[in-house]
Each structure stands twice: as C-alpha cells, then as structure tokens.
Amino acid sequence: MTSTPLRAHDLLWVSETPVAMDGAPLPDWAVTAYRQGAPVVMRRAPRGSDGSVPVGLRGGARHERCAATVAANSITRVVSPEGLAIAAVSIAHDAPFAALRTLRALAPALDALGWAWGPTGGAGFTLASGLPVLHADSDLDLLVRMPRAPSTAQRDQLARLLGDTECRVDLQIDTGHGGFALRDWLASPHQTLLKTDHGPRLVADPWSDAA
C-alpha cells in the first residue's frame with residue numbers, strides 16, 4: 001500500500017470485507033459490490049481507536065449507501081481524485097453520460113487554474129473501477145484542493161465553471177482542514193458549512209477558522 005496519507009474522497013481497494021458502522025451485517029448489495037472488486041471511498045470521520053479507516057460503500061442504485069470501516073492493513077490500492085483527472089482527456093466526446101462529457105469539457109479549464117483537482121462521486125468511481133454506477137441524470141462531482149483562499153479573479157473563474165454545463169456540477173473545495181461546497185460559499189461567503197473529520201462546522205472563513 002502507498003505511504004501517502006489517506007484523505008477524504010480517496011478510493012480504496014481492500015483485501016478484507018468492510019465492517020458496517022452499526023456492527024450489523026452488510027447489506028446484500030454491499031457484499032456483492034465488494035466481491036465484484038468495487039472500491040470503498042474514504043469519508044470524513046475520525047480513525048477508530050484500533051486505527052481502522054472510515055469508509056463508505058456504494059452500490060449501483062442511488063439508495064445503496066453504507067458507512068463502514070476497514071482495517072488499515074487491508075488496503076491494497078489507493079486512487080485519489082487528482083489521480084483520476086488525467087483520465088478526463090481520454091473520455092469520448094460521445095460518452096454515454098452527461099457527467100462524463102461535462103468532465104471532459106471542463107478538464108482544460110480546471111487544469112489551467114493550477115490547483116490539484118479531480119472527479120469524485122459516480123464519475124470518479126466509474127473511471128476508477130469501470131463499474132456501472134452513473135445514470136443519465138447523474139451530477140458531476142468534483143474536488144479542488146485549495147490550501148489557501150483564492151483571489152477574487154480565481155473565485156470568479158471557478159464560479160463561471162458552474163454556470164454553463166451539460167449537467168449540474170457539484171464542486172467541493174478541500175482546504176486541507178475540511179471541505180465545503182463552492183455553491184454554498186459563493187451564496188454565503190461569511191458563513192460556510194465546513195465538513196471536517198470531527199463533524200460539520202459553520203465558519204466565517206473556511207481557511208483560517210479551521211486551521
């Protein structure tokens with residue numbers, strides 16, 4: 001396994017069946033997904049006292065979601081969102097889902113901004129695993145790593161990316177201390193809901209207040 005620290009939205013492949021948070025047996029769909037080789041996604045939550053890693057499982061249907069943990073030593077492969085960004089250029093112009101076509105269209109502008117970024121959600125999962133979880137009306141989920149607040153010009157460039165797209169784009173900013181939705185921040189820049197490993201917080205500045 002890589003020695004790079006794990007971060008929220010990383011996709012993890014594991015050699016042992018995940019354990020549901022409530023201790024109950026995993027749903028049948030989750031067991032099936034694991035046996036098909038589906039990755040789990042690192043979620044924002046504290047590590048367990050035994051070092052276990054908080055993850056989420058997803059199936060093919062939208063309601064198929066399950067919070068779980070995995071043993072750190074069972075992780076065999078890690079793919080980050082930014083590790084998937086390079087795949088955007090190989091997406092066909094006539095890809096079957098709007099989320100993938102939108103990802104291909106936005107990739108050059110995102111690259112030009114200079115931050116690390118990548119797809120998450122269904123698009124990231126599909127690119128990483130090849131498993132069919134996207135739908136015709138799926139949104140495109142993106143993550144941008146932004147350790148410092150953007151300039152006004154950079155903020156406006158990001159806002160324009162959300163405006164004229166084939167499908168809805170949900171863009172999350174990761175400050176290194178937590179993550180927040182770009183749309184929410186643009187609508188209410190002085191009271192932002194920042195998701196952290198220890199729960200959500202309302203902050204005036206998602207960079208300095210959470211540091």
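Scope of this entry: the structure provided in the associated data block. (Residues numbered from 1 in each chain as written. Predicted model: local features only at pLDDT ≥ 70, side-chain atom pairs only at ≥ 80, totals over all residues. Heavy atoms only, no water.)

Bringing the overall build of the protein into the picture now. Tallying secondary structure elements over the protein gives six helices and twelve strands in all. The C-alpha radius of gyration computed for the protein amounts to 17 Å, which stays within 12% of the reference 17 Å derived for 211 residues, consistent with globular compactness. Classification of the 211 residues of the protein by burial places 44% in the buried group. If you take every contact in the protein between residues at least 6 apart in sequence, the share linking residues at least 24 apart comes to 62%. For the protein, the computed accessible surface area is about 10,700 Å², with 52% contributed by carbon and sulfur atoms. For the protein, the separation between the mean place of its 19 positive charges and that of its 21 negative charges on side chains is 2 Å. (Helix = DSSP H or I, 4+ residues; strand = E, 2+ residues; numbered from the N terminus. Rg over C-alpha atoms; globule rule 2.2 N^0.38 Å. Buried < 20%, exposed > 50% of the residue type's maximum accessible area, 1.4 Å probe, protein only. Contact = heavy atoms within 4.5 Å. Areas by Shrake-Rupley, 256 points an atom, 1.4 Å probe, with all protein chains shown as cover. Lys, Arg positive; Asp, Glu negative; His and termini not counted. Charge placed at Lys NZ, Arg CZ, Asp CG, Glu CD.)

Proximity of charged atoms lets side chains of opposite charge pair with each other. Following the criterion strictly, the structure yields eight salt bridges and no others. A salt bridge links R7 to E82; its shortest N-O distance comes to 2.7 Å. Of this pair, R7 sits in the segment before β1 (11-14) while E82 sits in helix α2 (residues 81-85), placing them 75 residues apart in sequence. A residue is classified by how much of its surface remains accessible, and R7, at 36% relative accessible area, is partly exposed. Taking relative accessible area as the criterion, E82 reaches 22% and is therefore assigned partly exposed. One connected set of salt bridges, linked through shared partners, spans R7, D10, R44, E82, R145 and D174. (Salt bridge = Lys/Arg side-chain N within 4 Å of Asp/Glu carboxyl O.)

Within the fold, T102 resides in helix α3 (residues 98-113). Here T102 is in contact with L140, T165, E166, C167 and V169, once residues within four sequence places are set aside.

Tracing the backbone shows L100 in helix α3. For the pair L100 and D197, spaced 97 residues apart in sequence, the C-alpha separation works out to 29 Å. If near-sequence neighbours (up to four positions away) are discounted, L100 is found in contact with I91, A95, A123, L127 and L134.

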